[in-house]
Number of protein chains: 2
Amino acid sequence: MGGLENGETNNQNSSLSTIKVTKTSLSPDSIINLDQGDPTLFEPYWRRMGDKCTVVIGGCDLMSYFSDVSNICWFLQPQLGDAIKRLHRVVGNAVTEDRHIVVGTGSTQLLMAALYALSSPADRHPVSLVAAVPYYSGYKDQAEFLRSGLYKWAGDAHTFDEDGPYIEIVTSPNNPDGAVREAVVNREEGKLVHDLAYYWPQYTPITQPLDHDIMLFTFSKCTGHAGSRIGWAIVKDKEVAKKMTEYMVISSIGVSKESQLRAAKIIGVLSEYCQHFMTADSENFFEYSSSILKERWGRLRNVVKNSKIFSLPKYPQGYCNFSGKYTDPNPAFAWLHSKEDIDWESLLREHKIIARSGQRFGAGPKYVRISMFSPPEMFNLFLERLSAIIVNTNGNVVT
Amino acid sequence: MGGLENGETNNQNSSLSTIKVTKTSLSPDSIINLDQGDPTLFEPYWRRMGDKCTVVIGGCDLMSYFSDVSNICWFLQPQLGDAIKRLHRVVGNAVTEDRHIVVGTGSTQLLMAALYALSSPADRHPVSLVAAVPYYSGYKDQAEFLRSGLYKWAGDAHTFDEDGPYIEIVTSPNNPDGAVREAVVNREEGKLVHDLAYYWPQYTPITQPLDHDIMLFTFSKCTGHAGSRIGWAIVKDKEVAKKMTEYMVISSIGVSKESQLRAAKIIGVLSEYCQHFMTADSENFFEYSSSILKERWGRLRNVVKNSKIFSLPKYPQGYCNFSGKYTDPNPAFAWLHSKEDIDWESLLREHKIIARSGQRFGAGPKYVRISMFSPPEMFNLFLERLSAIIVNTNGNVVT
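All values derive from a computational prediction rather than experimental measurement.

How each quantity is defined
In every chain, residue numbers begin from 1 and rise along the written sequence. Going through the entries in the order they are written, you letter the chains from A and number the ligands from 1. Residues qualify for local features only when their pLDDT is at least 70, as the model is predicted, and side-chain atom pairs are given and counted only at 80 or more; totals for whole chains, interfaces and linings, by contrast, use all residues. Processing note: side-chain calculations cover all non-hydrogen atoms of the structure and skip hydrogens and water entirely. Numbering of helices and strands runs from the N terminus, with a helix taken as a DSSP run of H or I at least four residues long and a strand as a DSSP run of E at least two residues long. A radius of gyration in this sense is built from C-alpha atoms; the matching globule rule multiplies 2.2 Å by the number of residues raised to 0.38. Whether a residue is buried, partly exposed or exposed follows from its accessible area with a 1.4 Å probe, protein chains only, as a fraction of its type maximum: under 20%, in between, or over 50%, in that order. Every residue pair with non-hydrogen atoms within 4.5 Å of one another is taken to be in contact. Exposure was quantified through the Shrake-Rupley algorithm and a 1.4 Å probe, taking into account, for residues, occlusion by the shown protein chains and nothing else. Positive residues here are Lys and Arg, negative ones are Asp and Glu, while His and the chain termini are left out of the count. Taken as the charge centre is NZ of Lys, CZ of Arg, CG of Asp or CD of Glu, depending on the residue. To get an axis, a line is fitted to the C-alpha atoms, and for a helix only the part in contact is used. The angle between two axes follows their N-to-C directions and goes from 0 to 180 degrees. Orientation labels follow simple angle bins: below 35 degrees gives roughly parallel, above 145 gives roughly antiparallel, 65 to 115 gives roughly perpendicular, and whatever is left gives oblique. For this classification, the nonpolar set comprises Ala, Val, Leu, Ile, Met, Phe, Trp, Tyr, Cys and Pro, the charged set comprises Asp, Glu, Lys and Arg, and every other residue, Gly included, is treated as polar. Definition used for salt bridges: Asp or Glu carboxyl oxygen within 4 Å of a side-chain nitrogen of Lys or Arg. By the criterion applied in these results, polar contacts are pairs of N or O atoms within 3.5 Å in which, for protein atoms, one can donate a hydrogen and the other can accept it, and in which residues neighboring in sequence qualify only through two side-chain atoms. Here a strand pair is declared whenever DSSP counts at least two bridges between the two strands. Expected span of a helix: the number of residues minus one, times 1.5 Å. Those domain boundaries reflect an automatic or database domain assignment. Accessible area that two parts lose when put together, with a 1.4 Å probe and added across both, is what the buried area reports. Residues with no salt bridge and a relative accessible area higher than 30% make up the patches, which join like charges within 9 Å and nonpolar side chains (Val, Leu, Ile, Met, Phe, Trp, Tyr) within 5 Å. Counting rule for disulfides: a pair of cysteine sulfur atoms within 2.5 Å. Only the six-membered ring of Trp is used, alongside the rings of Phe and Tyr, when aromatic pairs are assigned; centres must lie within 6.5 Å, and planes under 30 degrees apart are stacked while those over 60 apart are edge-to-face, with the rest tilted. Here, over-ring charges are defined by two tests on the NZ atom of lysine or the CZ atom of arginine: distance to the ring centre within 6 Å, and angle to the ring normal within 35 degrees. Superposing the copies works by least squares over the C-alpha atoms of residues that have pLDDT at least 70 in both of them.

Student: Got a sec to walk through the overall build of chain A? Specific residues and values, please.
Tutor: Looking only at helices and strands, chain A features eleven helices and 16 strands. In terms of C-alpha radius of gyration, chain A reaches 22 Å, essentially the compact-globule figure of 21 Å for 399 residues. Reported as C-alpha extents along the three principal axes, the dimensions of chain A are approximately 70 × 55 × 40 Å. Taking all 399 residues of chain A together, 61% fall into the buried category. When contacts within chain A are restricted to residue pairs at least 6 apart in sequence, those whose partners lie at least 24 apart make up 76%. When the accessible surface of chain A is summed, it comes to about 15600 Å², and 49% of that surface belongs to carbon and sulfur atoms. Across chain A, the centroid of the 41 positively charged side chains sits 3 Å from that of the 44 negatively charged ones.

Quick look at the structure:
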């Protein structure tokens, strides 16, 4: 206890040798917020694309509530539906043939729609909603905040032992820990919602086109356009698609047409470049974004390896059908674990870092989730501060 | 019973003499849907404005979840907040100084947010939600569809006699019947939400700037841009604004930035033209839109006056501070009443007209709501068919 070992200090310094702080808006006193996964780090790619993704919307365009009255999801702009199907074909991550597309204000609104569609007003008891720990913190909030009589939060899928119908959310790759997942409960009365927000080549190898009953995707994590609030569900069952659409109508009468138009344009360009410029890495968004994340993960692992008590999950390489090579997963969040009993949230706050405690994800306070999406200079400062924490804790190991 | 009187037939014909069907996409067999209030009839004005309201959005714009982290409603684009405040100052329909603006995916989502903000999770019983009959049909759906334990639909404000806290929605001018309204229950434990979607000069005289606790407005009915799904709440209390924002975050993590940007642009141009071209009627959107509605109401009243059993509400003229003259209300919906026991919905369907039965609004089936927003040739066909119905029913009066 007390004092620092020189060797460790040196290691820490060497691990930071590659950090170049190029912007100056952050000072040593700045608080850095790594709580949310705001994907602005992909912005330079879209800037480089110049006018190719620009949309021009006239004052008299897109005025109606309706987009296509012949579609179950009548507020889905047909060009967005087409763009989504093309992208999934090009990437090979999901089956869309003969499936219904329901668009939402982010996949967040679509999860609410799925809960509404999969629960039954005729049932006397609310249906249980479960997800395996660690689960995305938003699910619990969404299930509980209106105290619905249709569904209730029932926590960890691993320990769920109630009889009767249930809904399990399968998040793969998982938020917060990046793990590739499958359903846990596996009972006949269960209904599944697959949240595939991160099943894109920059985060994980694309091993197969998935074909589940309800699959949720979001523009935010696919291309980084979080401000557009566009998500989509790929739905097998017609009646479920109808009820999800009904939820969207009652709660917001559809989804922004401007965002849909822009998402269609950007997704269209993305598909085009993937199909025709696969060999030119710099032209391909997924190559660009995975190279940024890969570099960040390398640097983070380099810092953490100097710690005696902190660790990161290890991910197996996989063959990615999209890129045609073996790739490492590079999750959007780092899920830091401590062997010691520490209160991550307080510890990080002392070092002016805001992150989300493992407790919010149904895991203990020994875990913390850190966004890998921060702007470059913020990520650099984070590594600097984490190195300092590691130096301090190595000198104060309790065990 | 049976047969037609010539005089009435002639009257009916003369009332239709001004109808000119210029488009040909509708045939005598076409079903015309007047159920929704899709405000595409204002499109020609915005077309005429040419590029003045055009927005250009680059591929790298608006990527973040965040708009202004210093604002309670951190996903509100500052230029939209500014544009909204300016428009209310120019029109004089609402006080915005020292008020919080919360943006929503239409005012529909904001009503849900208001219910969440005004109810209390600590209460053992859900708070009652009331609105005076006839009330907008969507309120009941919104209050009931998730079977929330926070609030419950309690129906007509006029007959509400439960003790304890309640929320009353005051819709003024009212949907469906166009009446100017005030709160009905008026008890100390009541909280009010004012839905002012139609408190704009094309629908009703602007008699004063309103200054209620929560006032909801929507881009859809103000300018006719329903596809953008932009609504806003003007909120007095900081804690209520915070909780409404919380609702938006949990249910959809904010609101489309593209729509916000475009709404800011269009509302800005609207204000500009109102301030600087008030005398040139053709340049002013509110003059344009009220002249269309006024003409439609004139023609509709002309048709209905020939009926022995159907009637429309009468509205008092009022001095409009915005236009500086006495004006007639021209509501967005016609609220047709029958003296006879008829099933409006079936009767209209026989004539291939879809409209919303009074029963959906808490009124009897002797009432029906008809959108005044239909495209011109559809409105013409509606008047033709209504004239035919009137001729038939006049020949078959039961009393």
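Here the narrative resumes, following the displayed structure.
Student: How would you explain the packing of helix 4 (residues 106–118) of chain A against helix 7 (residues 238–252) of chain B if you had to name every residue and give the values?
Tutor: Contact geometry of helix 4 of chain A with helix 7 of chain B gives a least axis separation of 6 Å together with a crossing angle of 80°. Classified by the angle their axes make, helix 4 of chain A and helix 7 of chain B are roughly perpendicular. Listed contacts from helix 7 of chain B to Thr108, Gln109 and Met112 of chain A of helix 4 of chain A are Val249, Ile250, Ser251 and Ser252 of chain B. Split by residue class, the contact of helix 4 of chain A with helix 7 of chain B holds three nonpolar, four polar and no charged.

Student: Before we move on, can you summarise the pattern of salt bridges with the specific residues and values?
Tutor: A complete count under the given rule lists 30 salt bridges over all chains for this structure. Put simply, Glu43 of chain A and Arg47 of chain A hold a salt bridge, and the shortest N to O gap is 3.4 Å. Pair noted here: Glu43 of chain A and Arg47 of chain A are both in helix 2 (residues 43–48), with a separation of four residues, about one helical turn. Residue class for Arg47 of chain A comes out partly exposed when judged on its relative accessible area of 49%. Here Lys325 of chain B and Glu287 of chain B are joined by a salt bridge, their closest N and O atoms 3.6 Å apart. One end of the pair, Lys325 of chain B, is in strand 12 (residues 325–327); the other, Glu287 of chain B, is in helix 9 (residues 285–304), and 38 residues separate them in sequence.

Student: Lay out the interface of chain A and chain B with the relevant residues and their values.
Tutor: Each side of the interface is counted separately: chain A has 65 residues, and chain B has 65 residues. The salt bridge involving Arg262 of chain B is made with Glu258 of chain A; its shortest N-O contact spans 2.6 Å. At the boundary of chain A and chain B, one finds 49 residue pairs in polar contact (both at pLDDT 80 or more). At the level of secondary structure, the elements contributing two or more residues to the side of chain A that touches chain B comprise helix 2, strand 2 (55–57), helix 4, helix 5 (137–144), helix 6 (219–222), helix 7 (238–252) and helix 8 (257–276) of chain A. A breakdown of the residues in the side of chain A that touches chain B according to their chemical character gives 28 nonpolar, 25 polar and twelve charged. Relative to strand 2 (residues 55–57) of chain B, strand 2 of chain A is paired through three bridges, and the arrangement is antiparallel. Counterpart to Ile57 of chain A in the pairing with strand 2 of chain B is Val55 of chain B.

Student: Please provide a residue-by-residue account of helix 7 of chain B, values included.
Tutor: All names here are of chain B. Given a rise of 1.5 Å per residue, 15 residues ought to cover 21 Å, and the 21 Å separating the end C-alpha atoms of helix 7 matches this to within 8%. Inspection of helix 7 places Val240, Ala241, Met244, Thr245, Tyr247, Met248, Ile250, Ser251 and Ser252 among the buried residues, and these make up the whole buried set. Immediately downstream of helix 7, the backbone of Ile253 shows phi near 45°, a positive value.

Student: Requested: an account of the domain arrangement of chain A, with residues and values cited.
Tutor: All names here are of chain A. Entries for chain A in the domain assignment read domain 1 (6–45 + 281–394) and domain 2 (63–276). One C-alpha centre belongs to domain 1, the other to domain 2; they are set 27 Å apart. Domain 1 puts 33 residues into the contact, and the matching count from domain 2 is 33 residues. Between domain 1 and domain 2 the total buried area reaches about 2500 Å² when both faces are included, carbon and sulfur atoms providing 63% of it.

Student: Run through the pairing of strand 9 (residues 230–235) of chain A, naming residues and quoting values.
Tutor: All names here are of chain A. Judged by how many residues are buried, strand 9 sits mostly within the fold: six of six residues are covered. A two-sided burial pattern is seen for strand 9, the buried positions comprising Ile230, Trp232 and Ile234 on one face and Gly231, Ala233 and Val235 on the other. One ladder, built from six bridges, connects strand 3 (residues 100–105) with strand 9; its direction is antiparallel. Within the sheet, the bridge partner assigned to His100 lies in strand 9 and is Val235. Relative to strand 9, strand 8 (residues 214–218) runs antiparallel, the two sharing five bridges. Residue pairing in the sheet places Met215 in a bridge with Ile234 of strand 9.

Student: Just give me the short version of the sheet that holds strand 9 of chain A, but keep the residues and values in it.
Tutor: Residue and element names in this part refer to chain A. Ordered by their spatial adjacency, seven strands build an open sheet running 3-9-8-7-6-4-5, and the pairing between neighbours is mixed. Edge positions in the sheet fall to strand 3 and strand 5 (151–156), since each has one partner strand and no second. The mean inter-strand angle of the sheet, taken between neighbouring strand axes irrespective of direction, is 25°. Bridging between strand 7 (residues 190–195) and strand 8 involves two bridges; their strand directions are parallel.

Student: Could you give an account of a negative patch on the surface, with specific residues and numbers?
Tutor: Where like charges cluster on the molecular surface, the negative patch consists of Asp161, Asp163, Glu188 and Glu189 of chain A. Its location among the elements puts Asp163 of chain A in the loop between strand 5 and strand 6 (166–171).

Student: I'd like a rundown of the state of the cysteines, residues and numbers included.
Tutor: Within the structure shown, the criterion is met by zero disulfides over all chains. With no disulfide partner, Cys53 of chain A has as its closest neighbouring cysteine sulfur the one in Cys60 of chain B, 9.4 Å distant. The structure places no disulfide on Cys222 of chain B, whose sulfur is separated from the nearest cysteine sulfur, that of Cys274 of chain B, by 8.8 Å. When its relative accessible area of 0% is taken as the criterion, Cys222 of chain B is described as buried.

Student: Can you explain the packing of aromatic side chains? Please cite residues and give values.
Tutor: All names here are of chain B. Summed over the entire model, instances satisfying the criterion amount to 60 aromatic pairs over all chains. Pairing Trp74 with Phe75 gives two aromatic rings, centres 5.2 Å apart and planes at 85°, and the pair type is edge-to-face. By relative accessible area, Trp74 is classed as buried at 19%. Between Tyr319 and Tyr326 the ring centres are 5.2 Å apart and the planes differ by 70°, which places this aromatic pair in the edge-to-face class. Directly above the ring of Phe379 sits Arg296, whose terminal nitrogen or CZ lies 4.6 Å from the centroid.

Student: An account of the relation of the copies chain A and chain B is requested, with residue identities and associated values reported.
Tutor: Of the two same-sequence chains, chain A is brought onto chain B (RMSD 0.0 Å, axial shift 0.0 Å) by a rotation of 180°. Taken together, the rotation and translation describe the operation of a two-fold axis. A symmetric contact is evident, with 100% of the interface residues of chain A recurring at the interface of chain B.

Student: Quick rundown of the sheet that holds strand 4 (residues 127–131) of chain B? Include the residues and the values.
Tutor: Residue and element names in this part refer to chain B. Ordered in space as 3-9-8-7-6-4-5, the seven strands form an open sheet in which the pairing is mixed. Edge strands, defined here as strands with exactly one partner in the open sheet, are strand 3 (100–105) and strand 5 (151–156). Direction aside, the axes of adjacent strands within the sheet are offset by 25° on average. Sheet contacts for helix 3 (residues 78–91): strand 3, strand 8 (214–218) and strand 9 (230–235); angle to strand 9, the most-contacted strand, approximately 70°. Relative to the sheet, helix 4 (residues 106–118) contacts strand 3, strand 4, strand 5, strand 6 (166–171), strand 7 (190–195), strand 8 and strand 9, its axis offset from that of strand 3 by approximately 120°.

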